[in-house]
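Structural description and commentary
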Amino acid sequence: MKIISWNVNSVRARIDNIKEYIKDSSPDILLLQEIKTQNENFPINDFEELGYKSHVFGQKSYNGVAIVTKYEINNLDTDLIKDKLKQSRVISGEVKINKKKIELINIYVPNGNPVDTEKYEYKKEWLKKFINNIKKKIKKNSNILIAGDFNIIPEEIDVHDFKRYENDALGRLEIRKKYRELINLGFKDVYRFKNKAKQEYTFWDYFAGSWQKNYGMRIDHFLLSNNLIENIKSIKINKKPRAKEKPSDHTPIELEII
DNA sequence: ATGGCTGAGCTACTCAGA
């Protein structure tokens, strides 16, 4: 089964690009972030024509997450976090793979910049609430997959120029510690687990030829609970969609599990 | 190199992203 995570930066502006990607890569489940639309404007028909059902937690203009799937998903939940700003940033559900019930948690973590504002405080609070929630969840169910746009650069190797980001909301030690805290609850960063020293990115910003110069960062992640590690078949960052016309600034990360 | 693109909402321009 191939599960992919992709911050599409507007599902409607990107729909042709996404459909091409689906035809090319045949994912079973797409965990999408930054869909930037309300539920009623989500292109469910486009996905249905390709054989997928959509579960959407949308919001007007900003944020928004969705699970687009060929497999049945149960116990859908968009209420994982008591979000004081009521932003649509997390959707979860259960899928059965080889008799194992796995909880899929699709997240879009707040960006948090600039760091001297309430936006940064919101990111910290959001992560704190999320970690507390996962702490409780993993006691009841140890088959958990967390995927999405974390807006966190885990280590220096995960960005082209760490110096530029060490005081940024994506690279600050305080934030990277939250990521470690989450992993220490019993997860692996699947990409880094499989690629100890490889330097690859999932995001390149739109400015100044960042893509062409490979000025990127790895901020989109798959965290898999430790007892599912044996189920990993492959993990791959697929750079193809980032090279297309009208790309998202993020590119998909693909996890194959058995 | 802290905004030089991009998208939504809307129809001039702001807000947000990372």
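Reference entry: report on the structure contained in this document. (Residues numbered from 1 in each chain as written. Chains lettered and ligands numbered in written order. Predicted model: local features only at pLDDT ≥ 70, side-chain atom pairs only at ≥ 80, totals over all residues. Heavy atoms only, no water.)

**Things to note about the nonpolar core**
To be explicit about the condition: Take the buried Ala, Val, Leu, Ile, Met, Phe, Trp, Tyr and Cys residues and link them wherever side-chain atoms come within 4.5 Å; each set so joined is a nonpolar core. Remark: exposure states derive from per-residue accessible area (1.4 Å probe, protein chains only) relative to the maximum for the residue type, with buried under 20%, exposed over 50%, and partly exposed in between. What counts as a helix is a DSSP run of H or I of at least four residues, what counts as a strand is a run of E of at least two, and both are numbered from the N terminus. Any two residues whose heavy atoms approach within 4.5 Å at even a single point are treated as in contact.
Ile-105, Ile-107, Trp-126, Phe-130, Ile-146 and Phe-150 are the most contacted members of the largest nonpolar core, which has 33 residues in total. Here this core gets 8 residues from one element, more than from any other, and that element is helix H3 (residues 118-140). Sequence-distant contacts of Phe-130, that is, excluding residues within four places in its chain, are made with Leu-80, Ile-81, Ile-105, Ile-107, Ile-146 and Leu-182. Counting residues in each nonpolar core, the second largest holds 28 residues, with Met-1, Phe-222, Ile-229 and Ile-237 among its members.

**Description of the protein's contact with DNA strand B**
Stated formally: Proximity is defined per residue: any heavy atom of the residue falling within 4 Å of a molecule or strand makes that residue near it. We call two N or O atoms a polar contact when they sit within 3.5 Å, provided that within protein one can donate a hydrogen and the other can accept it, with sequence-adjacent residues counted only if both atoms are side-chain atoms. Under the grouping applied here, Gly and all other residues not named as nonpolar or charged are polar, the nonpolar ones being Ala, Val, Leu, Ile, Met, Phe, Trp, Tyr, Cys and Pro and the charged ones Asp, Glu, Lys and Arg.
Of all residues adjacent to DNA strand B, which total 29 residues, the nearest are Ser-10, Ser-61, Asn-111, Ala-208 and Met-217. At the protein interface, 66% of the atoms of DNA strand B within 4 Å belong to sugar or phosphate. In this structure, Asn-7 approaches DNA strand B through a side-chain N or O atom, which is 3.4 Å from a phosphate oxygen. Separating a phosphate oxygen of DNA strand B from a side-chain N or O atom of Tyr-108 is a distance of 3.1 Å. Of the residues belonging to the surface near DNA strand B, the class tally is 11 nonpolar, 6 polar and 12 charged.

**So, the side chain of Asp-28**
Rules: Charged residues are defined narrowly, with Lys and Arg counted positive, Asp and Glu counted negative, and His plus the chain ends left uncounted. Should a side-chain nitrogen of Lys or Arg be within 4 Å of a carboxyl oxygen of Asp or Glu, the pair is scored as a salt bridge.
Along the polypeptide, Asp-28 turns up in the loop between helix H1 (15-25) and strand E2 (29-33). There is no salt bridge for the buried Asp-28, and the closest opposite charge comes from Lys-70, which lies 5.1 Å off by N-O distance. Of note is the side chain of Asp-28, whose polar atom sits 2.7 Å from the backbone nitrogen of Lys-2. Not counting chain neighbours up to four residues away, the residues in contact with Asp-28 comprise Met-1, Lys-2, Tyr-52, Val-68, Thr-69, Lys-70 and Tyr-71.

**Structural notes on the sheet that holds strand E4 (residues 65-69)**
This is how it is decided: For two strands to be treated as a pair, DSSP must find at least two bridges joining them. Between N-to-C directions, angles cover 0 to 180 degrees, with each direction set by a line fitted to C-alpha atoms, over the stretch in contact for helices.
Spatially, 6 strands are ordered E3-E4-E2-E1-E14-E13 in an open sheet, and the strand pairing comes out mixed. For this open sheet the edge positions go to strand E3 (53-57) and strand E13 (232-237), each flanked by a neighbour on one side alone. For this sheet, the mean inter-axis angle between neighbouring strands, taken without regard to orientation, is 15°. Pairing of strand E1 (residues 2-7) with E2 involves 5 bridges; the strand directions are parallel. Along E2, the bridge assignment pairs Ser-5 with Leu-31. Taken strand by strand, H1 contacts E1, E2 and strand E14 (253-257), and its axis lies near 160° from that of E1.

**Digging into the environment of Ile-67**
Summarising the element assignment, Ile-67 is placed in strand E4. Judged by relative accessible area, Ile-67 falls into the buried class, the value being 0%. Taking the C-alpha atoms as reference points, Ile-67 and Val-8, 59 residues apart in sequence, are found 13 Å from one another. If we skip the residues at most four places from it in the chain, Ile-67 touches Ile-29, Leu-30, Leu-31, Lys-53, Ser-54, His-55, Ile-73, Leu-76, Ile-91, Ser-92, Gly-93 and Asn-106.

**Brief notes about the pairing of E2**
Successive residues of a regular strand alternate their side chains across the two faces of the sheet. Our working rule: Look down the strands so they point away from you; if going from the first strand over the helix to the second traces a clockwise path, that crossover is right-handed.
Most of E2 sits out of view: 5 of its 5 residues are buried. Every second residue of E2 is oriented toward a common face, with Ile-29, Leu-31 and Gln-33 on one face and Leu-30 and Leu-32 on the other, all of them buried. Between E1 and its parallel partner E2, the chain crosses via H1, and the hand of that crossover is right-handed. As paired elements, E2 and E4 share 5 bridges and run antiparallel to each other. Within the sheet, the bridge partner assigned to Leu-31 lies in E4 and is Ile-67.

**Focus: a positive patch on the surface**
Spelled out, the test is: Patch definition: residues above 30% relative accessible area lacking any salt bridge, with like charges linked at up to 9 Å and the nonpolar side chains Val, Leu, Ile, Met, Phe, Trp and Tyr linked at up to 5 Å. The Shrake-Rupley method, run with a 1.4 Å probe, gives the accessible areas here. Residue values count only the displayed protein chains as cover. A single reference atom marks each charge: NZ on Lys, CZ on Arg, CG on Asp, CD on Glu.
Judged by side-chain charge, Lys-82, Lys-129, Lys-135, Lys-136, Lys-139 and Lys-140 come together as a positively charged surface patch. Examined against the element boundaries, Lys-136 turns out to sit in helix H3. Residue class for Lys-136 comes out exposed when judged on its relative accessible area of 57%.

**Let's talk about the packing of aromatic side chains**
The criterion, for reference: Within 6.5 Å between ring centres, the rings of Phe, Tyr and Trp (the latter by its six-membered ring) count as paired, and their orientation is classed by plane angle as stacked under 30 degrees, edge-to-face over 60, tilted in between. Here, a charge over a ring is recorded when the distance from Lys NZ or Arg CZ to the ring centre is within 6 Å and its angle to the ring normal is within 35 degrees.
Within the structure shown, the criterion is met by 6 aromatic pairs. Ring centres 6.4 Å apart and planes at 75° place the aromatic pair Tyr-201 and Trp-204 in the edge-to-face group. On the basis of relative accessible area, Trp-204 is assigned to the buried category, the value being 0%. Centroid distance Trp-204 to Trp-211: 4.7 Å. Interplanar angle 90°. Geometry classified as edge-to-face. Stacked on the ring of Tyr-120, the Lys or Arg Arg-172 has its end atom at 5.0 Å from the ring centre.

That is the geometry; function is a separate question.
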